[in-house]
Amino acid sequence: MRIAVYIPLLLSLVAPLAARPLAERCEPRLATWLLTASALVLGTASTISLGLLAVTGLIRIPQLAALGHWSAHSAQHDDPAQLSVALIAGLLLGAAVLTAARMLWRRARTLAAAALDAACMPTPDGTVVVDDEAPDAYALPGLPGRIVVSTGMLRTLDETEHTILLAHERAHLTAHHYAFVALAQLGACANPLLRPFATAVAYTIERWADENAVRATGDRRRVARTVGKAALAAHQVPALARAAGAAVGILGVRGLRSRRGPLASAGPVPRRVAALLAPPLGRHPALPAATATALAAAMLASAEAAHDLHVLLESVGAW
C-alpha cells in the first residue's frame, strides 16, 4: 500500500497530458471512448486512493478504532501513511464526493428538462424549426430526442449544407454524445486534474459527428465549409442561452471552449475545420494500447492498495 495507493494519483497527474494527442491523432469515435474511459477510470481510482488513505488516518483515532475493534496504537506503528497525508486525503475525498454529487444532481435535472422539452416538440421526422434570427442548431436528448434548428441558421446555409447540418446533429442523437460528455465531466469533477479529458471529449464528439456528416455527403471540404460558416454566423450574434451538456450541436458544447490562439492552440472550430481538410485519420494501435495499459495499471493498483489495507486492518485488530 505504501506505493500502490499513490499510483492512480500519479497517473492522474501525468495522463491528462495525453488527452490532446489522443483527440488529435486517434479516429474520433475511438478517441471519444478512450478519453471518456480514462476520465471515469482515473477519477474512480484516484477517489478510491483518497478513501484508502483517509481510512489509515481514521483508525489512528482511538474512538473510531474502537468501533472497528482495531488497536489505534498498533495502527500508529504499522500505518503506511503519515497522519498529515491521511488528513489531506480525507479533505480531498470529501470535496471530490460533494462535487461529483452536485454535478450528478445538476446533470440529472438538466437532462430531465431536456427530455421534457423534447417531448413538447411534436414533429414527424424529429427535426424542429424554431423562429429565431440567431443562427443555431443542436441535438436535444430525449425519448426520442429532437434536432432543433433556427430559421436564422437555415437562412445562413444552402440546401446541401442543410443536409450536412442534419447529418451532424443526427449523429449526436444516435451515438448519445451527451452521455460521453456527462461521464467525462463526472470524472473531472471527482478529480479536477482530469479536466483536459472532459475538454477533449467535448471536441471529439464534434469530430465524430463531423466524420458522420462526411460519410453522408462524401465531401470533406464541403463539411469543413459548413462547420466554419455556421460558427462564423453564430459568432456575429450574442451567445444563446441553453444548458451546457444537455444540448450538443455543430457549434460545440456550450461552456467548454478553448482559448483562442494559433492553430496549435486554437479553439475547437478551427481545429475541426483543419481536421476535415486533412486526410482521414488512420489507425494507431499504439495509442489505444498505451491508454489501456495505463488504465489497467490504475485499476490493479487500486485493487492492490485495497487488499493491503484489508491486511493492515486485520493485523491491527484489537485482541
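**Digging into the overall build of the chain**
In terms of helices and strands, the chain carries 13 helices and three strands. Long-range pairs, those at least 24 residues apart, make up 72% of the contacts in the chain between residues at least 6 apart in sequence. Taken as a whole, the chain presents about 16,100 Å² of accessible surface, with 66% of it coming from carbon and sulfur.

**A word on the pattern of salt bridges**
Summed over all chains, the structure comprises 11 salt bridges. Where Glu 161 meets Arg 222, a salt bridge forms, and the shortest distance between an N and an O atom there is 3.9 Å. Residue Glu 161 is located in helix H8 (residues 159-174), and its partner Arg 222 is located in helix H11 (residues 220-235); the two are separated by 61 residues in the primary sequence. Looking at Arg 222, the relative accessible area reads 22%, which means it is partly exposed. In this structure, Arg 272 and Asp 210 form a salt bridge, with 2.8 Å as the shortest nitrogen-oxygen distance. Of the two residues, Arg 272 sits in helix H12 (residues 268-277) while Asp 210 sits in helix H10 (residues 195-217), which places them 62 residues apart along the sequence. By relative accessible area, Arg 272 is classed as buried at 1%. Beyond isolated ion pairs, a larger network of salt bridges with shared partners links Asp 158, Glu 161, Arg 222, Arg 225 and Lys 229.

**A few points about the confidence of the model for the chain**
Looking at the chain, the pLDDT average stands at 83 and 82% of residues meet or exceed 70. Within the chain, helix H5 (residues 72-78) has the poorest average pLDDT of any element, 52, and helix H1 (residues 7-14) the best, 95. In this model residues 241-245 is a low-confidence stretch, pLDDT under 50, and it forms 15 contacts with partners more than four residues away in sequence or in other chains. Long-range and interchain partners of residues 255-266, a stretch whose pLDDT sits below 50, account for 23 contacts in this model, where long-range means more than four residues apart.

**Re unusual backbone geometry**
With an omega of 0°, the peptide bond between Leu 143 and Pro 144 qualifies as cis. Following the sequence through the fold, Pro 144 ends up in the loop between strand E2 (137-140) and strand E3 (146-150). In this structure, His 176 takes a positive phi of about 55° despite not being glycine. Along the chain, His 176 falls in the loop between H8 and helix H9 (177-190).

**Focus: the nonpolar core**
Formed by 29 residues in total, the largest nonpolar core has its most connected members in Leu 35, Leu 42, Phe 197, Val 201 and Ile 205. At the level of elements, helix H2 (19-25), helix H3 (28-58), H9, H10 and helix H13 (286-315) are the ones that each hand at least two residues to this core. Within the second largest apolar cluster, 22 residues are counted, among which are Leu 165, Ala 167, Ala 224 and Val 273.

**Regarding the side chain of Asn 191**
With respect to the helices, strands and loops of the structure, Asn 191 is situated in the loop between H9 and H10. Looking at Asn 191, the relative accessible area reads 8%, which means it is buried.

**Section: the packing of aromatic side chains**
Applying the stated criterion across every chain yields a total of two aromatic pairs. Between Trp 33 and Phe 180 the ring centres are 4.9 Å apart and the planes differ by 85°, which places this aromatic pair in the edge-to-face class. Remark: Phe 180 occurs in helix H9 and Trp 33 occurs in helix H3; sequence separation between them is 147 residues. For Trp 33, a relative accessible area of 53% gives the class exposed. Residue class for Phe 180 comes out buried when judged on its relative accessible area of 8%. In textbook terms, an aromatic cluster arises when at least three aromatic residues are bridged by ring pairs, as seen for Trp 33, Phe 180 and Trp 208.

**Description of a nonpolar patch on the surface**
A contiguous nonpolar surface patch, about 510 Å² in accessible area, is contributed by Leu 10, Leu 13, Val 14, Leu 17 and Leu 193. Examined against the element boundaries, Leu 193 turns out to sit in the loop between H9 and H10.

**Here's the deal with the environment of Thr 47**
Assignment of secondary structure puts Thr 47 in helix H3. When the C-alpha positions of Thr 47 and Ala 190 are compared, they lie 6.9 Å apart, and in sequence the two are 143 residues distant.

**Structural notes on the packing of H8 against H10**
At a closest axis distance of 8 Å, the pairing of H8 and H10 adopts a crossing angle of 130°. It follows from the interaxial angle that H8 and H10 lie oblique. In terms of crossing hand, the pair formed by H8 and H10 is right-handed. Across the interface between the two elements, Thr 163, Ile 164, Ala 167, His 168, Ala 171 and His 172 of H8 pack against Ile 205, Glu 206, Ala 209, Asp 210, Asn 212, Ala 213, Ala 216 and Thr 217 of H10. A breakdown of the residues in the contact of H8 with H10 according to their chemical character gives seven nonpolar, five polar and two charged.

Calculation notes
Residues numbered from 1 in each chain as written. Predicted model: local features only at pLDDT ≥ 70, side-chain atom pairs only at ≥ 80, totals over all residues. Heavy atoms only, no water. Helix = DSSP H or I, 4+ residues; strand = E, 2+ residues; numbered from the N terminus. Contact = heavy atoms within 4.5 Å. Areas by Shrake-Rupley, 256 points an atom, 1.4 Å probe, with all protein chains shown as cover. Salt bridge = Lys/Arg side-chain N within 4 Å of Asp/Glu carboxyl O. Buried < 20%, exposed > 50% of the residue type's maximum accessible area, 1.4 Å probe, protein only. pLDDT = per-residue confidence, 0-100. Core = buried A, V, L, I, M, F, W, Y, C linked by side-chain atoms within 4.5 Å. Phe/Tyr/Trp six-rings, centres within 6.5 Å; stacked < 30°, edge-to-face > 60°. Patch = residues over 30% accessible without salt bridge, like charges linked within 9 Å, V, L, I, M, F, W, Y side chains within 5 Å. Axes fitted to C-alpha atoms, helices over the stretch in contact; angles between N-to-C directions. Parallel < 35°, antiparallel > 145°, perpendicular 65-115°, else oblique. Left-handed = near helix turned anticlockwise from the far one by under 90°. Nonpolar A, V, L, I, M, F, W, Y, C, P; charged D, E, K, R; others polar.

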